[in-house]
Amino acid sequence: MSHDLHHRAVVADAHNDLLMAVAARPPKRWGAFFRERWLPQLREGGIDIQVLPVFIDDQYRPEGALRQTLRMIECAHVLAEANADQVALCRNGDDVDAALAEGRIALVLALESAPGIDASVELFPTLFRLGVRIASLAHWGRTPLADGSREDATGSRLTTPGVEALRTMEHLGMLFDISHLGASGVAHVLELATRPLIATHSCARALRDHHRNLTDEQIRGVAATGGLVCVTFVPDFLTDDQEKVSAERIVDHIEHVVSVAGIDHVGLGSDFVREVMTDVTPPCCESLDDEDPMFAFPGLEGPAGMPLVTEALVRRGLPEADVLKILGGNMRRLMTLHMG
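Cut-off values and rules
Residues numbered from 1 in each chain as written. Predicted model: local features only at pLDDT ≥ 70, side-chain atom pairs only at ≥ 80, totals over all residues. Heavy atoms only, no water. Buried < 20%, exposed > 50% of the residue type's maximum accessible area, 1.4 Å probe, protein only. Helix = DSSP H or I, 4+ residues; strand = E, 2+ residues; numbered from the N terminus. Pairing = 2+ DSSP bridges. Axes fitted to C-alpha atoms, helices over the stretch in contact; angles between N-to-C directions. Parallel < 35°, antiparallel > 145°, perpendicular 65-115°, else oblique. Left-handed = near helix turned anticlockwise from the far one by under 90°. Contact = heavy atoms within 4.5 Å. Nonpolar A, V, L, I, M, F, W, Y, C, P; charged D, E, K, R; others polar. Right-handed = clockwise from strand over helix to strand, strands pointing away. Salt bridge = Lys/Arg side-chain N within 4 Å of Asp/Glu carboxyl O. Arc of directions from axis to C-beta. Polar contact = N/O pair within 3.5 Å; in protein donor to acceptor, adjacent residues only side chain to side chain. Lys, Arg positive; Asp, Glu negative; His and termini not counted. Phe/Tyr/Trp six-rings, centres within 6.5 Å; stacked < 30°, edge-to-face > 60°. Lys NZ or Arg CZ within 6 Å of the ring centre and 35° of its normal.

### Side note on the pairing of strand E2 (residues 49–54)
Here comes step 1: Among the 6 residues of E2, 6 are classified as buried, and the element is accordingly described as predominantly covered.
Here comes step 2: Residue alternation in E2 divides its side chains into two sets, Ile 49, Val 51 and Pro 53 and Gln 50, Leu 52 and Val 54, and both sets are buried.
Here comes step 3: In the sheet, strand E1 (residues 12–13) pairs with E2 via 2 bridges, with the strands oriented parallel. Among the inter-strand pairings, Ala 12 is bridged to a residue of E2, identified as Ile 49.
Here comes step 4: Of the pairings in the sheet, the one linking E2 to strand E4 (residues 105–111) comprises 6 bridges and is parallel in character.

Here it is, written out as structure tokens:
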């Protein structure tokens, strides 16, 4: 039953860093590498909508951040053009609907912390023209726009350019992502936001007390904007007990978000990291078997394992209509109404 349901559903993943792995290859290999390595996994996992974050490694910051941002955006365009029979880079809800109707995977570009922007908010329209439709303003630490959650002790809100960035994104039709944003920054955004917000990859603080997770108040705030909290699969954000890492724990967080925000305000944001780290951490492609086991858990190391989440949702007894919303119906609605 769950297998059939999964493949009838629109399945959306709000955060997979696979673009980092593809862009680590020579440009002439971008299209083929995606088709060989990632497309089969996305198809096996039944992924219909995939958000591709542009994350810039520390080695490129600060001087090379904009150059690498543009390089990764170009990579996304190249891999989409090279695999146009299978995927489409989408700029709005109509593009997403068209891709799904044609049996193609809808790809959506996002910026994670936007280091290439720095304080030059006037570049957001430029990146919007290149196809970026989701953006966050911080990662772990401090940026000219905002502080990340690891800097919560500063109690800082958005900077003046950060406020301008929020306003610019709302005007453009770019979704504002609060994942990684510090607590005071989230509160500030909730005060100012006039359009739906998204947390592309966050869990519930009530179940795992980690600075990267959202409190019930923050979850309610996102829902009040009409937005979406996408539960991530990162083990360390799910639990502090390695023995409890499972698809069932993901469902625990999903059910908590539903209990706080309602069924219309939850989605999935995997943040599969193991394979990407293998590809971008020298020496390239070295086994990570001896690395921290909290990076992934058996069966959900990558997108091919996504049906395990559906199985866990069905075992929990959720109604089919609710499962369809969680898997991707809510994300599709948000993109249709508010993106682009």
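### Focus on the packing of helix H3 (residues 30–44) against helix H4 (residues 65–82)
Here comes step 1: Viewed as axis vectors pointing N to C, H3 and H4 meet at an angle of 65°, and their least axial separation amounts to 8 Å. Considering their axes alone, H3 and H4 lie roughly perpendicular with respect to each other. The handedness of the crossing between H3 and H4 comes out as right-handed. Across the interface between the two elements, Trp 30, Gly 31, Phe 34 and Arg 35 of H3 pack against Arg 71, Glu 74, Cys 75, Val 78, Leu 79 and Ala 82 of H4.
Here comes step 2: For the contact of H3 with H4, a count of residues per class yields 6 nonpolar, 1 polar and 3 charged.

### Overview of the pairing of strand E5 (residues 132–135)
Here comes step 1: Strand direction decides the pairing type here: E4 and E5, joined by 3 bridges, are parallel. When the bridges of E5 are listed, Ala 110 appears paired with Ile 134.
Here comes step 2: Note: E5 against strand E6 (residues 175–177), 2 bridges, orientation parallel. Bridge pairing in E6 links Ile 134 to Leu 175.
Here comes step 3: Crossover connection from E5 via helix H7 (residues 160–172) to parallel E6: handedness right-handed.

### Concerning the pattern of salt bridges
Here comes step 1: Applying the stated rule across the entire model yields 17 salt bridges.
Here comes step 2: Residue Asp 252 is joined to Arg 316 by a salt bridge in which the shortest nitrogen-to-oxygen separation is 3.0 Å. With Asp 252 in helix H11 (residues 247–261) and Arg 316 in the loop between helix H13 (307–315) and helix H14 (320–338), this pair connects stretches of sequence that are 64 residues apart.
Here comes step 3: What emerges from the salt-bridge pattern is a single network uniting Glu 248, Arg 249, Asp 252, Glu 255, Arg 315 and Arg 316.

### Let's talk about helix H5 (residues 93–101)
Here comes step 1: Burial in H5 covers these residues: Gly 93, Val 96, Ala 99 and Leu 100. Considered in projection along H5, the buried side chains sweep an arc of 125° and stay on one side of the axis. Residues of H5 that are exposed and point over 90 degrees away from its buried face: Asp 94 and Ala 101.
Here comes step 2: Of the surrounding elements, those touching the buried residues of H5 are E2, strand E3 (87–89), E4 and H14.
Here comes step 3: With a side-chain oxygen positioned 3.1 Å from the backbone nitrogen of Asp 94, the residue opening H5 is Asn 92.
Here comes step 4: Residue Gly 103 follows H5 closely and has a positive phi angle near 75°.

### Some thoughts on the side chain of Glu 112
Here comes step 1: In this fold, Glu 112 is placed in the loop between E4 and helix H6 (124–129).
Here comes step 2: Arg 212 is the oppositely charged side chain nearest to the buried, salt-bridge-free Glu 112, at an N-O distance of 6.1 Å.
Here comes step 3: In this view, Glu 112 contacts His 15, Asp 17, Pro 53, Val 54, Phe 55, Ser 136, His 139, His 180 and His 201; residues no more than four positions away in its chain are not counted.

### What to know about the packing of aromatic side chains
Here comes step 1: In total, this model carries 2 aromatic pairs according to the counting rule given.
Here comes step 2: On the basis of an interplanar angle of 75° and a centroid distance of 5.6 Å, the ring pair of Phe 233 and Phe 272 is categorised as edge-to-face. Of this pair, Phe 233 sits in the loop between strand E8 (228–231) and helix H10 (235–238) while Phe 272 sits in the loop between strand E9 (266–268) and helix H12 (274–280), and the two are 39 residues apart along the sequence. Comparing Phe 233 with Phe 272 shows no difference in burial state: the two are buried.
Here comes step 3: Positioned over the ring face of Phe 128 is Arg 133, at 3.5 Å from the centre of the ring.

### Digging into the environment of Pro 144
Here comes step 1: Topologically, Pro 144 is positioned in the loop between E5 and H7.
Here comes step 2: Leaving out residues up to four positions away in the same chain, Pro 144 has contacts with Asp 118, Ala 119, Thr 159 and Pro 161.

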